[in-house]
Amino acid sequence: MDFFRQFFSSDYPPQASCYMWRTDIVWLNAISDALVALAYYSIPFTLLYILHRRPSLRLRGLMGMFAAFILSCGTSRLISVWNVWHGTYGLEGLVKAVTAVLSIATAIMTVKLAPVALRIPSPEELERANEHLLGEMRARAEAEEKLRKAAEAARLSSEARMRSFLEAAAQGFLAIGADGRILLVNRRIEEMFGYRREELIGQDVEILLPERYRGSHVLHRREFFQEPRIRDMGPGMDLAARRKDGTEFPVEVGLSYTPGENGVIALGVVNDITERKRHEDQLSRAHAELRASEATLRRANAELEQFASLASHDMQEPLRMITGYLDLLQRRYADQLDPDAREFIRYAVEGSQRMKNLIRDVLSLSRAGTRPLSKRRIAAQEVLGSALANLNTAISERRAVITASDLPQIVADPGLLAQVFQNLIANAIKFTRNETPRVHISAERRAGEWLFSVRDNGIGIDPAHRERVFRIFERLDASEEFPGSGVGLAICQKIIERHGGRIWVDSAPGQGSVFHFTIPED
Amino acid sequence: MCDYPSSAPAEILIVDDNACDVRLIKEAFREGGIASKFHVTRDGEQALAFLRREGPYSGSPRPSLILLDLNLPRKSGREVLAEIKAEQSLRRIPVVVLSASTSREDVCRAYELQANCYVPKPSDLAGLIDLGRLLQKLWLNPALLSG
């Protein structure tokens, strides 16, 4: 403690004593030192102020050190002034020591930072760089301006194109503000409604509707603007529209929307559907007529079938009498009649026999069309078998050769299908002249159906008559050579069609015939 | 109560409004050599009167077999059949329905009403003769008459 008190004591002779207390020297030294101190003190504060205001300034550490170094220099000058009159040399030495440390540190730092300081661009360089930068910025602004102008031009031309598209559109187009006023229409709207666009813009959209719908349309329109949504054209979007001259016409309207400056804007696309409506009306009239005539036809057909069935049935009764009594005459009185009378009776018997067959065939045609189908899965071979059993007599009489390749399982009414086989095979045998009748039945899978073929070596059919053979009572050969009623193929056709299939014939005279029919798979 | 008498010709009642038909049946039986005596009524009411021996039919015999047509004036064959089978004294008489109809409904109805047999009318004389012989075998055996 004593050391410190002595070290910092002012008991030594003041500096002025060296100046021999010469007032002029004392004051010159004191004032000069004071001014130097003042100047020294002002520098670090200025530096600190600069550092504070310019945080981006580089070499901040060095400047800080300078500030501290100059500050301590100032302090030592201040002590010198003090020591002119006092003799506190210990303190002065201490401050000088601090100054020495700071100055050496600053000097080292300065030397080390010299290369870094040299790399800092000079203000001239900075000025040049700045000018270059400004030039670049100007060029960029110019380029941007050019680009903007080009974009604007493009926008304008695309807008113009869009407008021309809108004008050329086949549909009417209109835009409606949220207040219901028309904002925009295209040329087609003008044509459709007979207004010029100046007459429409700013008007309520209801001007385009018949008066009776205007009130309700206002409500609909408000609903739309409250909850806008896209509504396609199509069924249910038909409206009545009103032209300037008061005439009405049907339109179809599609709606969409887009945000506008004053709320939603509704966008309407309008089609004049007068023509289409006319066609639709015609079509639906034609359709109704068709339905009516179809119903009439069905009724007539049903009546005809009923008639055929009843007539045939009732005809059987008197026919039975005719044949019965003719038989009786033949049995009991043949001996007492001359040959002519016997021949007459024979013709009468034959005629009534033919009529009996005819009635039987008409009845079976009627049944083929009316009997409920009872379809089930069955082997076609089995169906063919029962048909052949019924044809036993004819087959053995003509020594016919009937062959069949592997036939499939199908879904069909076995009784009716057997009748088809029976009629086709019976025909094949019947329409063969001299040779042994050969009939081959085959089946082949097609897309979703089975194709059956019944091939014979008979007299064949002229292709011109391929359709006719399926008509009822149509007999290509009216001679006695091939007797028949001409109902068999009509029955086949009816049965196959009821099964959802088709029947047709491929043939040529002398080449035999192939009757084809299809049966759908389940 | 069964009577087993008579070797006399069978009494057959034909109920049919068609004279033409009736005659053909008779002739066919004759052709077939079936000894029988025919009685004919032309409608349902007459048939029942005959069987009940009412009015003009007071002296009529009890038939061994009835050949019944279905389509009759006044009272249909079905009604006649139902009444015969409902009467104690008549129900044992065999009734053969002889009809032109082959409809399933007619056949079933007849059997439901206790017809003894349903036969479609044969379409020719030969068929009718065959039928006569069959009926004779089935119902006209003199030893086994139930009527």
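Analysis parameters
- Residues numbered from 1 in each chain as written.
- Chains lettered and ligands numbered in written order.
- Predicted model: local features only at pLDDT ≥ 70, side-chain atom pairs only at ≥ 80, totals over all residues.
- Heavy atoms only, no water.
- Pairing = 2+ DSSP bridges.
- Helix = DSSP H or I, 4+ residues; strand = E, 2+ residues; numbered from the N terminus.
- Axes fitted to C-alpha atoms, helices over the stretch in contact; angles between N-to-C directions.
- Contact = heavy atoms within 4.5 Å.
- Salt bridge = Lys/Arg side-chain N within 4 Å of Asp/Glu carboxyl O.
- Buried < 20%, exposed > 50% of the residue type's maximum accessible area, 1.4 Å probe, protein only.
- Core = buried A, V, L, I, M, F, W, Y, C linked by side-chain atoms within 4.5 Å.
- Parallel < 35°, antiparallel > 145°, perpendicular 65-115°, else oblique.
- Left-handed = near helix turned anticlockwise from the far one by under 90°.
- Nonpolar A, V, L, I, M, F, W, Y, C, P; charged D, E, K, R; others polar.
- Polar contact = N/O pair within 3.5 Å; in protein donor to acceptor, adjacent residues only side chain to side chain.
- pLDDT = per-residue confidence, 0-100.
- Arc of directions from axis to C-beta.
- Phe/Tyr/Trp six-rings, centres within 6.5 Å; stacked < 30°, edge-to-face > 60°.
- Patch = residues over 30% accessible without salt bridge, like charges linked within 9 Å, V, L, I, M, F, W, Y side chains within 5 Å.
- Areas by Shrake-Rupley, 256 points an atom, 1.4 Å probe, with all protein chains shown as cover.

### Some details on the sheet that holds strand β7 (residues 401-404) of chain A
Residues and elements named next belong to chain A.
Right, on to step 1. Here 5 strands make up an open sheet; going across it, the order is β7-β9-β10-β12-β11 and the pairing mixed. Across the chains shown, the open sheet's two edge strands, defined by having one partner strand only, are β7 and β11 (503-507). When the angles between neighbouring strand axes are averaged without regard to direction, this sheet yields 20°.
Right, on to step 2. When strand β10 (residues 449-456) meets strand β12 (residues 513-520), the two strands line up antiparallel, connected through 7 bridges. In the strand pairing of β12, L451 is matched with T518.
Right, on to step 3. Each of β11 and β12 is contacted by helix α15 (residues 488-498), which is oriented at about 25° to β12, the strand it contacts most.

### Quick look at the pattern of salt bridges
Right, on to step 1. A full pass over the atoms with the stated rule returns 43 salt bridges over all chains.
Right, on to step 2. Linking A:R320 and B:D21 is a salt bridge whose minimum nitrogen-to-oxygen distance equals 3.2 Å. Of this pair, A:R320 sits in helix α10 (residues 274-333) while B:D21 sits in helix α1 (residues 19-31), which puts the two residues in different chains. Residues A:R320 and B:D21 agree in their burial class; the two are buried.
Right, on to step 3. Among the ionic pairs, A:R446 bridges to A:E449, the shortest N-O distance being 4.0 Å.
Right, on to step 4. A residue is classified by how much of its surface remains accessible, and A:R446, at 36% relative accessible area, is partly exposed.

### A few points about the nonpolar core
Nonpolar side chains in soluble globular proteins generally cluster together in the buried interior.
Right, on to step 1. Core analysis: the biggest nonpolar cluster contains 42 residues, and A:L417, A:F421, A:I425, A:F452 and A:F517 have the highest contact counts within it.
Right, on to step 2. Sorting elements by how many residues they give to this core places helix α14 (residues 414-430) of chain A first, with 9 residues.
Right, on to step 3. The residues touching A:L417, leaving out its near neighbours within four places in the chain, are A:V383, A:I410, A:A412, A:I495, A:I496, A:F517 and A:I519.
Right, on to step 4. Core analysis: the second largest hydrophobic core is formed by 24 residues, B:V22, B:L24, B:C117 and B:L128 among them.

### Notes on the packing of helix α2 (residues 44-52) of chain B against helix α3 (residues 77-86) of chain B
All names here are of chain B.
Right, on to step 1. Where α2 meets α3, the axes come as close as 9 Å, and the angle between the chain directions of the two elements is 20°. Classified by the angle between their axes, α2 and α3 sit roughly parallel to one another. Here α2 runs over α3; the crossing is right-handed. Of α3, the residues touching α2 (which contributes G44, A47, L48, L51 and R52) are V80, E83 and I84.
Right, on to step 2. Its residues placed into classes, the contact of α2 with α3 shows 5 nonpolar, 1 polar and 2 charged.

### Section: the interface of chain B and chain A
Bring the parts together and some accessible area is lost; that lost area is often taken as the interface size.
Right, on to step 1. Tallying the contact residues gives 17 residues for chain B and 12 residues for chain A.
Right, on to step 2. Counting every contact that joins chain B to chain A gives 4 salt bridges.
Right, on to step 3. Here A:R331 ties to B:E31 by a salt bridge, and the two come within 3.2 Å at their closest N and O atoms.
Right, on to step 4. Where chain B packs against chain A, one counts 8 residue pairs in polar contact (both at pLDDT 80 or more).
Right, on to step 5. Listing elements by their share of the side of chain B that touches chain A, those giving two or more residues are α1 and α5 (125-139) of chain B.
Right, on to step 6. In terms of residue count, the dominant contributor to the side of chain B that touches chain A is α1(B) (7 residues).
Right, on to step 7. Its residues assigned to classes, the side of chain B that touches chain A shows 7 nonpolar, 3 polar and 7 charged.

### Details of the confidence of the model for chain B
Right, on to step 1. Scored by pLDDT, chain B has a mean of 86; 90% of the residues are at 70 or more.
Right, on to step 2. Counting contacts from residues 1-6 of chain B, a segment whose pLDDT is below 50, to residues more than four positions away or on other chains yields 9 contacts.

### A short note on helix α12 (residues 380-390) of chain A
Residue and element names in this part refer to chain A.
Right, on to step 1. Looking at α12, one finds that the buried residues are A380, V383, L384 and A387. Seen along its axis, α12 keeps its buried residues to an arc of 100°; they face one direction. α12 presents E382 and A389 as exposed residues on the side facing more than 90 degrees away from its buried surface.
Right, on to step 2. Elements in contact with the buried residues of α12: β6 (376-379), β7, β8 (409-412), α14, β9 (438-446) and β10.

### Re the packing of aromatic side chains
Right, on to step 1. Here the structure, examined in full by the defined rule, presents 10 aromatic pairs over all chains.
Right, on to step 2. Plain terms: the ring middles of A:F452 and A:F517 are 5.2 Å apart, the flat faces sit at 15° to each other, and that makes the pair stacked. One end of the pair, A:F452, is in strand β10; the other, A:F517, is in strand β12, and 65 residues separate them in sequence. Grouping residues by exposure puts A:F452 and A:F517 together as buried.
Right, on to step 3. Between B:F29 and B:F38 the ring centres are 5.4 Å apart and the planes differ by 80°, which places this aromatic pair in the edge-to-face class.

### Topic: the sheet that holds strand β3 (residues 65-68) of chain B
All names here are of chain B.
Right, on to step 1. One open sheet holds the 5 strands; their spatial order is β2-β1-β3-β4-β5, and the pairing between them is parallel. Two strands in the sheet have a free side with no partner beyond their single neighbour: β2 (36-41) and β5 (117-120). Sheet twist, expressed as the mean angle between neighbouring strand axes with direction ignored, is 25°.
Right, on to step 2. Alignment of β3 against strand β4 (residues 95-99), held across 3 bridges, turns out to be parallel. Counterpart to I66 in the pairing with β4 is V95.
Right, on to step 3. Contacting β1 (10-15), β2, β3 and β4, α1 runs over the sheet at an angle of about 175° to β2.

### Some words on a nonpolar patch on the surface
Residue and element names in this part refer to chain A.
Right, on to step 1. Residues W21, W27, I31, L35, L38 and W85 make up a contiguous nonpolar surface patch of roughly 680 Å² in combined accessible area.
Right, on to step 2. Summarising the element assignment, L35 is placed in helix α3 (residues 23-53).
Right, on to step 3. For L35, a relative accessible area of 54% corresponds to the exposed category.

### Thoughts on unusual backbone geometry
Residue and element names in this part refer to chain B.
Right, on to step 1. Even without being a glycine, R74 presents a positive backbone phi close to 65°.
Right, on to step 2. Looking at the element boundaries, R74 is found in the loop between β3 and α3.
Right, on to step 3. The phi dihedral of Q114 falls on the positive side, at around 75°, and the residue is not glycine.
Right, on to step 4. Positionally, Q114 belongs in the loop between α4 (104-112) and β5.

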